[in-house]
Amino acid sequence: MKKRWILLLLAMSVLLSLAACSGERYDGLYAVDDESGLTFTVRGSGSRPKQISVKRDEELLFTTKIKIPRNVGKLGGNYGFFVLDLNFDGHSDFMIADGTSGDCTSYLCWLYNAETSTYTQSDSLSGLCNIKADSELKALFAFTHTYTSEKAYLDVPASHTTIDSTTKYVWTDGVLTPQIRASITYYSETGRYCYSVSNYDSETGDFAASDDKWLTPEEYKTYDMGFLYYFNEQ
């Protein structure tokens, strides 16, 4: 009998612990109301987000713990937090910045699941940088920047290469799929730029051979790259 009471007390303790974990914790740092009457709140301590909650009036619908590096901070005054329709199904989703490096800001993303009436973290979206959702095109855009360098060797001078790329993604049967990629590559050894566009080949699961255009530094300065650096126009 005593053993049964101990097990019952342990079970109650676990349930209370789970209930506490699922509730709102920390201070409200930033909140967004969507058109359907939901309130999405970033909660944390100091300037470090630690939880996101979703409520309708006073009813708590969803919470999730998050781990955001201290150096991300308030990021733009809104903690890099956005409420938007990421998969164009008519429901609000949300994302929060979890890292910054130069022009690149990476995000953790959650999508609304109509079947369970809750939110699920998206592995395919989380980690993408500078995410932009275009509701008219029903497409998402993401940016990458890479830098590689070669040390000087004998009579070959040191050199470096930078690649800035923007990829357009679409949802195909619920799967995030690349569609087209535009890149600008700079080669320091020649001082020239290579602008390239490549379409995604679903059969090979990779981008097809690109259509390249070489640019001198003077041509590059006059070339319209607004589509590639779309995030600077927000």
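Before any of the text, the structure's been laid out above.
Residues numbered from 1 in each chain as written. Predicted model: local features only at pLDDT ≥ 70, side-chain atom pairs only at ≥ 80, totals over all residues. Heavy atoms only, no water.

Points about a nonpolar patch on the surface
Where nonpolar side chains cluster on the molecular surface, the patch consists of Tyr-153, Leu-154 and Val-156 and spans about 380 Å² of accessible area. As for its placement among the helices and strands, Tyr-153 is situated in the loop between strand S10 (139-150) and strand S11 (159-172). Judged by its relative accessible area of 58%, Tyr-153 falls in the exposed class. (Patch = residues over 30% accessible without salt bridge, like charges linked within 9 Å, V, L, I, M, F, W, Y side chains within 5 Å. Areas by Shrake-Rupley, 256 points an atom, 1.4 Å probe, with all protein chains shown as cover. Salt bridge = Lys/Arg side-chain N within 4 Å of Asp/Glu carboxyl O. Helix = DSSP H or I, 4+ residues; strand = E, 2+ residues; numbered from the N terminus. Buried < 20%, exposed > 50% of the residue type's maximum accessible area, 1.4 Å probe, protein only.)

Describing the pairing of strand S1 (residues 27-33)
In the sheet, S1 pairs with strand S2 (residues 38-45) via six bridges, with the strands oriented antiparallel. Pairing of Asp-27 across the sheet is with Gly-44, part of S2. Counted along the chain from S1 to the antiparallel partner S2, the turn is four residues long, and its residue Gly-37 has a positive phi close to 95°. (Pairing = 2+ DSSP bridges.)

Let's talk about the pairing of S10
As paired elements, strand S9 (residues 132-134) and S10 share three bridges and run antiparallel to each other. Each bridged residue has a counterpart across the sheet, and for Lys-132 the counterpart in S10 is Phe-141. The turn joining S9 and S10, which pair antiparallel and follow one another in sequence, is formed by four residues; a positive phi near 50° is taken by Lys-138. The pairing of S10 with S11 spans 11 bridges and is antiparallel.

A few points about the sheet that holds S1
What the four strands build is an open sheet, ordered S1-S2-S3-S4; its pairing is antiparallel. If you trace the sheet from one side to the other, it starts and ends with S1 and strand S4 (59-65), each paired once. Within this sheet the neighbouring strands show an average axis-to-axis angle of 25°, counted without direction. (Axes fitted to C-alpha atoms, helices over the stretch in contact; angles between N-to-C directions.)

Some words on the nonpolar core
Core analysis: the largest hydrophobic core is formed by 31 residues, its most contacted members being Phe-94, Ile-96, Trp-110 and Tyr-119. Of all elements in the fold, only S2, strand S3 (48-56), strand S6 (93-101), strand S7 (104-113) and S10 reach the threshold of two or more residues within this core. For this core, the element with the highest residue contribution is S7, accounting for six residues. Residues in contact with Tyr-119, not counting those within four places in the same chain, are Leu-38, Phe-40, Val-54, Phe-62, Ser-92, Phe-94, Trp-110, Leu-111 and Tyr-112. Listed in part, the 16 residues of the second largest apolar core include Ala-139, Ala-182, Leu-228 and Tyr-230. (Core = buried A, V, L, I, M, F, W, Y, C linked by side-chain atoms within 4.5 Å. Contact = heavy atoms within 4.5 Å.)

Examining the sheet that holds strand S8 (residues 118-121)
Read from one edge to the other, the open sheet built from four strands follows the order S5-S6-S7-S8, with strand pairing classed as antiparallel. Edge strands, defined here as strands with exactly one partner in the open sheet, are strand S5 (81-84) and S8. Averaged over all pairs of adjacent strands, the angle between their axes in this sheet comes to 30°, without regard to strand direction. Strand direction decides the pairing type here: S6 and S7, joined by seven bridges, are antiparallel. The residue bridging Met-95 from the neighbouring strand is Cys-109, located in S7.

Details of the packing of aromatic side chains
Applying the stated criterion across every chain yields a total of 20 aromatic pairs. Ring centres 6.3 Å apart and planes at 55° place the aromatic pair Phe-62 and Phe-94 in the tilted group. Highlighted residues: Phe-62 in strand S4 and Phe-94 in strand S6, separated in sequence by 32 residues. Neither residue differs from the other here; Phe-62 and Phe-94 are each classed as buried. Arranged with centres 5.3 Å apart and planes meeting at 65°, the rings of Tyr-112 and Tyr-119 form a pair that is edge-to-face. Taking relative accessible area as the criterion, Tyr-119 reaches 8% and is therefore assigned buried. Among the aromatic side chains, those forming a connected cluster through ring pairs are Phe-40, Phe-62, Phe-81, Phe-94, Trp-110, Tyr-112 and Tyr-119. Taking the ring centre of Phe-207 as reference, the NZ or CZ of Arg-181 above it sits at 4.0 Å. (Phe/Tyr/Trp six-rings, centres within 6.5 Å; stacked < 30°, edge-to-face > 60°. Lys NZ or Arg CZ within 6 Å of the ring centre and 35° of its normal.)

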